[in-house]
Amino acid sequence: MAVKIKTQFGTIDIDNDVIATVVGGAATDNYGVVGMASRNQIRDNLNEILRRENYARGVVVRQEDNGVAIDVNIIVSYGTKISEVSRNVQSKVKYNLQNMLGVTANSVNVIVQGVRVMND
């Protein structure tokens, strides 16, 4: 499915993979986020951090009447405050979707799938 935006010149279709890439980039850009996780690790047989080309596996986009609902699966760094990292992810995802794509995020749900100890 795609998000459709009607303008005076026609319609713009934005695919869910594009939204997932923008969401994944915004999420991983925050301090304390190690990377994206697969939303179904058993089915995808992925227990590692997703790369940029696989962000769609860690993001669920649902169309709603006046926007989208986003689920983001992340892995956080050990020693960071998970609630604060999650709030920052929510804020940055909403901001990037509005400014880059013109899409309103009604809700951004952050699912923390794991905690990793980072080697210094």
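Up top is the structure these notes are about.
Predicted model, so just to flag it, every value in this text is computed and none were measured. Each chain has its residues counted from 1, following the order in which its sequence is written. In keeping with the model being predicted, local features are shown solely for residues with a pLDDT of at least 70 and side-chain atom pairs are shown and tallied solely at 80 or more, while totals for entire chains, interfaces and linings include all residues. Hydrogens and water molecules were not included; the side-chain quantities draw on all heavy atoms of the structure.

Okay, the pairing of strand S1 (residues 2–7) next. Pairing between S1 and strand S2 (residues 10–15): 6 bridges, direction antiparallel. What sits directly across from Val3, in S2, is Ile14. Here, any two strands with at least 2 DSSP bridges between them count as paired. A run of H or I in DSSP counts as a helix once it spans at least four residues, and a run of E counts as a strand once it spans at least two, with each numbered from the N terminus. Taken together, S1 and the strand that follows it, S2, pair antiparallel across an intervening segment of 2 residues.

Turning next to the pattern of salt bridges. Here, a salt bridge means any side-chain nitrogen of Lys or Arg that lies within 4 Å of a carboxyl oxygen of Asp or Glu. Tallied over the full model, the rule gives 4 salt bridges. For Lys4, the salt bridge identified is with Asp13, shortest N-O distance 3.4 Å. Burial here depends on accessible area, computed with a 1.4 Å probe over protein chains only, as a share of the maximum for the residue type. Under 20% is buried, over 50% is exposed, and the range in between is partly exposed. Overall, Lys4 belongs to the exposed group, its relative accessible area being 60%. Looking at Asp13, the relative accessible area reads 47%, which means it is partly exposed.

Further remarks concern the environment of Ser38. Looking at where Ser38 falls in the secondary structure, it is placed in the loop between strand S3 (33–36) and helix H2 (41–44). For Ser38, a relative accessible area of 0% translates into the label buried. Separated by 34 residues in the primary sequence, Ser38 and Val72 place their C-alpha atoms 9.4 Å from one another.

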